[in-house]
Each structure stands twice: as structure tokens, then as C-alpha cells.
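Each chain, written out:
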Amino acid sequence: MATKLPTTDIRIGTELIRRRKGGIPLVCLTAYTYPVARLLDPHVDLLLVGDSVAMVLHGHETTLGASLEMMVAHGQAVMRGSARACVVVDMPAGSYEDSAAQAVACAQRIVDETGCQAVKLEGGVDMAGQIAAIVAAGIPVMGHIGLLPQSVEKDGGYKIKGRTDETVVALMADARAVEKAGAFSVVIEGTIEAVAADITRRIAIPTIGIGASGDCDGQILVIDDMVGLTVDRVPKFVKEYADLRGVIANAAERYAAEVRDRTFPGPGHVFSGSKASSGLNGGDES
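Residues numbered from 1 in each chain as written. Predicted model: local features only at pLDDT ≥ 70, side-chain atom pairs only at ≥ 80, totals over all residues. Heavy atoms only, no water.

Looking now at the overall build of the chain. Secondary structure summary: the chain contains 11 helices and 8 strands in total. If you line up the chain on its principal axes, its C-alpha atoms span 75 × 40 × 35 Å. Look at the contacts in the chain between residues 6 or more apart in sequence, and 58% of them connect residues 24 or more apart. Surface summary for the chain: the accessible area is close to 14,700 Å², and the carbon and sulfur share equals 56%. Where the 27 positive side-chain charges of the chain centre and where its 35 negative ones centre are 4 Å apart. (Helix = DSSP H or I, 4+ residues; strand = E, 2+ residues; numbered from the N terminus. Contact = heavy atoms within 4.5 Å. Areas by Shrake-Rupley, 256 points an atom, 1.4 Å probe, with all protein chains shown as cover. Lys, Arg positive; Asp, Glu negative; His and termini not counted. Charge placed at Lys NZ, Arg CZ, Asp CG, Glu CD.)

What follows is the structure in C-alpha cells.
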């Protein structure tokens, strides 16, 4: 039987996430909309408003299509639908890399305009200064190391990390830099399993795996991948727990057939009687 945490009406904060190091694995999923946030909120510890929204909902080829305005808008929607989970909003590419001052200003805007509990940014040693500055400003930060989606163009594609001794050393340095800078947790993405497991053992903050290791302190998936709604290539590390592609396609096919043969709308889906009593003026006739 799966271990369950006690239910609570109190919002999960970043300090509680930090204290889960080595305990019951953290359950994390992405969310971008109000209804999905409402559905996921009772079951997860953390909801990430990921910059993957640019690909998943807006059709961009990479996460580089995400803007600060986009992240704020989707962060607001998720916060409206969430009451319990710790909500973290991604800082999009171009909103934090130039300087610590830029990073703090953009992180502050995200928190002020969404009410989220934390922000997430990509990078290790090279972004430690930005992480430390945001934390010093009173904003919790989730780190992100390994495969960095915002760097895929620079890296020449989605390449798994930790295959060579040199990259293993660099990954460990990134993890320790993120931890030292004050991040409350760190995502490890697209990294050789043994390397991710070793990083998890060696740092004191929780690691959240995606295409990494079952030994990480938690796991995260993109919600559309997890429920079988992704219409393009599904990553190898994804397990599909539902087939919404098939459900939606089947529903659309049935709807189209019923519209064309005039069986929809039927008697139960139209209003009868006079206009005054038909519900058009605010009535609720069934």
C-alpha cells in the first residue's frame, strides 16, 4: 500500500519541502491552468508552473518561447486553483541571467503578482550569485541542474548529462553551488541514474528527479505527458498514467457524428416553452 501523508488545509511551504529530505518522496507535477490545479492540488506536495507551458499549451518548439508575462498569467491561474500544494513558478529565459539585480526584480514581480511560494531557475555554479541574491531578498528558490531546457539550443539538443567523468564533476559542483546559495530544493533533469542518486546522497537539500533517479527525494513530470495528452514525442522517462489523447479524440469523433446526423442537441439539451421562461433571461429550466 502506498504511503499517504495526512491531509491538511494549510498551504505547504518551502521549509516543509526542505524538511522532507530523505523522507516520504515528494510528489510534484506541473500545472498551468485553474482546472488542472484544482484537480491535482489534493494529491501533490508541489505544483510547478513550468516554462514548459510555452511548448505544452502555446505550441513553441522549446521553452524559450515563455515570457515573464506568460509565467505570471499561468501562475495566477494555478494559484486560484490551488489551496494546499507549494506552488513554484519558473523564471523564463532572459529574466535572470544578466545580473543579480535583474534576477531579484523579476523574481519579486512573479511572487508579487501571483502569490506563489517560490521561483525556480536553471543553472548551477554560473547562477549561484542570482540564487543567493533572490534568497537574500526573502524569496525561496528551487534550483535546476542537469539537462537544462533553456539551454538546448546552446547545447545542440536535449543531451543526457553525467556520461563522462568531467560532466559528473561539473554536476556535483552545480548541486553544491545551488545548495550553498540557499536553494530549498533542486530539480535534477536528464541525468544518468547513478549520478543523480549520488548527488542526492551528498547534498542536504531535497532533489526532485525527472529523467534522473528513483533515489531522488521526489519526482516531477509534465502533467500533459503523465496523462497521455502530449501530441508530439513523449520523453523516454515518462510513464503515461492515462490516455487522454484517445479519450479526447474519441469524444470529438462522437460529437461530430451526432452534430452531422442531428442527434445532438437532443430534447434534454434545449430549452422549451416561451422565451420568458426558457432560461435565456437568467432562468434555470432543465
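Core analysis: the biggest nonpolar cluster contains 59 residues, and Leu47, Met91, Ile110, Val119, Leu121, Ile134 and Ile199 have the highest contact counts within it. Those residues in contact with Ile199 that sit more than four places away from it in its chain are Ile145, Leu171, Met172, Ala175 and Ile188. By size, the runner-up hydrophobic cluster in this structure holds 15 residues, among which are Ile12, Leu26, Leu46 and Val187. (Core = buried A, V, L, I, M, F, W, Y, C linked by side-chain atoms within 4.5 Å. Buried < 20%, exposed > 50% of the residue type's maximum accessible area, 1.4 Å probe, protein only.)

With their axes 10 Å apart at the nearest point, helix α8 (residues 165–181) and helix α9 (residues 193–202) run at an angle of 35° to one another. Handedness of the crossing formed by α8 with α9: right-handed. For the pair α8 and α9, the contacting residues are Val168, Leu171, Met172, Ala175 and Arg176 in the first and Val195, Asp198, Ile199 and Arg202 in the second. (Axes fitted to C-alpha atoms, helices over the stretch in contact; angles between N-to-C directions. Left-handed = near helix turned anticlockwise from the far one by under 90°.)

Moving on: the UniProt feature "active site" (unreviewed entry) in the chain. The sites that carry the UniProt feature "active site" (unreviewed entry) are, in the present numbering, Glu189. Mapped onto the secondary structure, Glu189 falls in strand β6 (residues 185–189). Those residues within four positions of Glu189 in sequence are excluded, and the remaining contacts are His144, Ile145, Gly146, Leu147, Pro149, Ile210 and Gly211. (UniProt positions renumbered as here; feature names shortened; annotations may be inferred.)

Our focus in this paragraph is the pattern of salt bridges. Taken as a whole and assessed by the stated rule, the structure comprises 10 salt bridges. Note that Glu69 is salt-bridged to Arg109, the shortest N-O span being 3.2 Å. Placement of the pair is Glu69 in helix α4 (residues 68–81) and Arg109 in helix α5 (residues 100–114), with a sequence separation of 40 residues. For Glu69, a relative accessible area of 47% translates into the label partly exposed. Through salt bridges with shared partners, a single ionic network connects Glu69, Arg109 and Glu113. (Salt bridge = Lys/Arg side-chain N within 4 Å of Asp/Glu carboxyl O.)

Right, let's get into the pairing of strand β3 (residues 86–90). In terms of burial, β3 is largely enclosed, as 5 of its 5 residues are buried. On β3, burial covers both faces: Cys86, Val88 and Asp90 on one face and Val87 and Val89 on the other are all buried. Here 3 bridges tie β3 to strand β4 (residues 118–120), and the two strands are oriented parallel to one another. Counterpart to Val89 in the pairing with β4 is Val119. Between the parallel elements β3 and β4, the chain passes through α5 in a crossover that is right-handed. (Pairing = 2+ DSSP bridges. Right-handed = clockwise from strand over helix to strand, strands pointing away.)

What follows concerns the pairing of strand β8 (residues 218–221). Direction of pairing for strand β1 (residues 26–30) relative to β8: parallel, over a ladder of 4 bridges. Paired with Leu29 across the strands is Leu221, a residue of β8. Of the strand pairs in this sheet, strand β7 (residues 207–210) and β8 are connected by 2 bridges, and their pairing is parallel. Of the residues in β8, the one forming a bridge with Gly209 is Gln219.

A word on the sheet that holds strand β5 (residues 141–146). Taken together, the 8 strands give a closed barrel; going around it, the order is β1-β2-β3-β4-β5-β6-β7-β8, and neighbouring strands pair in parallel fashion. The mean angle between the axes of side-by-side strands here comes to 25°, regardless of whether they run parallel or antiparallel. In this sheet, β5 lies alongside β4 in parallel orientation, the contact comprising 2 bridges. Note on β5: the bridge partner recorded for Lys120 is Met142.

The UniProt record annotates "binding site: Mg(2+)" (unreviewed entry) at Asp51, Asp90 and Glu122. Over a stretch of 72 residues, the named residues converge on one spot in the fold, their C-alpha atoms separated by at most 10.9 Å. Residue position: Asp51 is located in the loop between β2 (46–49) and α3 (53–56). With residues up to four places along the chain from it excluded, the contact list for Asp51 reads Thr63, Ala66, Met71, Asp90, Glu122 and Gln150.

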